[in-house]
Amino acid sequence: MVIAAYGAGALVLISALGVVLLRSLDQVALAFVGCLLMVAVLAWVLDAPVVAAVQLAIGILAAAGLWLLPGFRGDAAPSEFSGQLIPGAIAAVAVLALMALALLRATWRTFQPGTGSSWGEYLVGLVVAALVVLVAAVGILSLRQARERTTGAIEAPTARRKRDRR
Amino acid sequence: MNVGISTVLGVSAGLFAIGAFGLVAKRNLAVILMSVNLMLAAAVLALAAFSRFNLVPGHRVGGQAFAVLVAMTSTGELMLGLGLVRVALRQRAIMAVDDLAG
């Protein structure tokens with residue numbers, strides 16, 4: 001549980017840094033959703049399953065909302081750091097996989113008949129662990145796609161439209 | 001080894017600081033919206049920590065109730081903001097906040 005708490009705390013800060021430091025919009029969106037999910041994990045670790053469930057719902061809603069925005073899908077400009085991010089992303093996935101395992105183990109250990117824990121709490125743990133793995137997989141796929149795309153100068157959408165008009 | 005309240009509050013403060021930095025330093029509308037949400041998520045974390053470590057004896061659920069309230073508020077703010085960003089993008093092709101002034 002301590003590993004899960006510290007891991008989730010570190011990942012919250014790393015993904016929040018990704019929101020303000022990454023330049024590609026789709027990667028920023030991915031980091032933001034990951035940050036919200038990590039806050040949910042941290043709330044769950046802090047014995048607040050209701051807060052965790054609400055935060056999880058916010059993460060899913062944010063992902064859906066961002067998906068509807070133009071520029072947040074595959075047509076966004078790739079980050080110039082995409083190539084360098086691959087080793088970091090592999091390390092992050094390893095940490096996330098460890099966290100998912102720790103979460104599953106912790107939920108299974110707390111699920112003892114007569115200790116006050118319930119199937120609901122166990123299911124929240126399972127769903128959060130599955131989402132952690134899903135976010136990691138989507139992150140890796142996104143980074144691989146970004147690397148495969150041609151890396152050019154980063155351009156704001158307004159500047160790009162002005163250039164296209166000319 | 002246990003996770004203390006100072007650790008959780010440190011993470012919360014860090015998250016709030018990163019959100020505040022994004023709010024004042026970034027120009028992209030959507031990123032500013034996300035930064036505000038990061039600050040609200042920091043508040044949720046702090047409230048959950050206060051609840052977990054029983055800072056107010058006898059009111060253990062109070063912190064969680066406030067956390068849920070803040071989380072719901074942030075959901076509304078995010079959805080409304082994303083809707084506004086979408087409309088701004090469609091009508092005037094605006095993505096940077098500076099373009100709104102002109």
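Residues numbered from 1 in each chain as written. Chains lettered and ligands numbered in written order. Predicted model: local features only at pLDDT ≥ 70, side-chain atom pairs only at ≥ 80, totals over all residues. Heavy atoms only, no water.

### Focus on the packing of helix α2 (residues 25-45) of chain A against helix α2 (residues 29-52) of chain B
Note the following rule: Axes here mean lines fitted to C-alpha atoms, for a helix over just the part in contact, with angles spanning 0 to 180 degrees between N-to-C directions. Strands here are runs of E lasting at least two residues and helices are runs of H or I lasting at least four, both read from the DSSP assignment and numbered beginning at the N terminus. What sets the label is the angle itself: under 35 degrees gives roughly parallel, over 145 gives roughly antiparallel, 65 to 115 gives roughly perpendicular, and the rest give oblique. In what follows, residue pairs with any heavy atoms lying within 4.5 Å of each other are defined as contacts. When residue character is reported, Ala, Val, Leu, Ile, Met, Phe, Trp, Tyr, Cys and Pro are called nonpolar, Asp, Glu, Lys and Arg charged, and the others, Gly included, polar.
In the contact formed by α2(A) and α2(B), the axes pass within 11 Å of each other and the chain directions differ by 10°. When the interaxial angle is binned, α2(A) and α2(B) end up roughly parallel. Every residue of α2(B) that contacts α2(A) at Leu25(A), Val28(A), Ala29(A), Phe32(A), Cys35(A), Leu36(A), Val39(A) and Leu42(A) is listed here: Val31(B), Met34(B), Asn37(B), Leu38(B), Ala41(B) and Leu45(B). Here the residues of the contact of α2(A) with α2(B) are counted per class, giving 13 nonpolar, one polar and no charged.

### A few points about the confidence of the model for chain A
All names here are of chain A. As a reminder of what qualifies: What pLDDT conveys is the predictor's confidence in a given residue, as a value from 0 to 100.
Averaged over every residue, the pLDDT of chain A is 69; the share at 70 or more is 41%. When mean pLDDT is taken per element in chain A, α2 scores highest with 86 and helix α6 (residues 157-165) scores lowest with 59. Taken as a whole, residues 150-155 scores under 50 in pLDDT and shows nine contacts with residues more than four places along the chain or in a different chain.

### Structural notes on the interface of chain A and chain B
Counted only if it meets this: The term buried area denotes the loss of accessible surface (1.4 Å probe radius) that occurs when two parts are joined, taken as the sum for both partners. Each reported salt bridge corresponds to a side-chain nitrogen of Lys or Arg within 4 Å of a carboxyl oxygen of Asp or Glu. Side-chain atoms alone can form a polar contact between residues adjacent in sequence; in general such a contact is a pair of N or O atoms within 3.5 Å, and within protein one must be able to donate a hydrogen while the other accepts it.
At the interface, 38 residues of chain A touch 44 residues of chain B. Interface area, chain A with chain B, both sides summed: about 3400 Å², of which 81% is carbon and sulfur. Where chain A meets chain B, there are one salt bridge. Arg52(B) serves as the salt-bridge partner of Asp47(A), at 3.2 Å between the closest nitrogen and oxygen. Between chain A and chain B we count three residue pairs in polar contact (both at pLDDT 80 or more) in total. Secondary-structure elements contributing two or more residues to the side of chain A that touches chain B are α1 (2-21), α2, α3 (49-68) and α6 of chain A. Class assignment of the residues belonging to the side of chain A that touches chain B gives a composition of 32 nonpolar, four polar and two charged.

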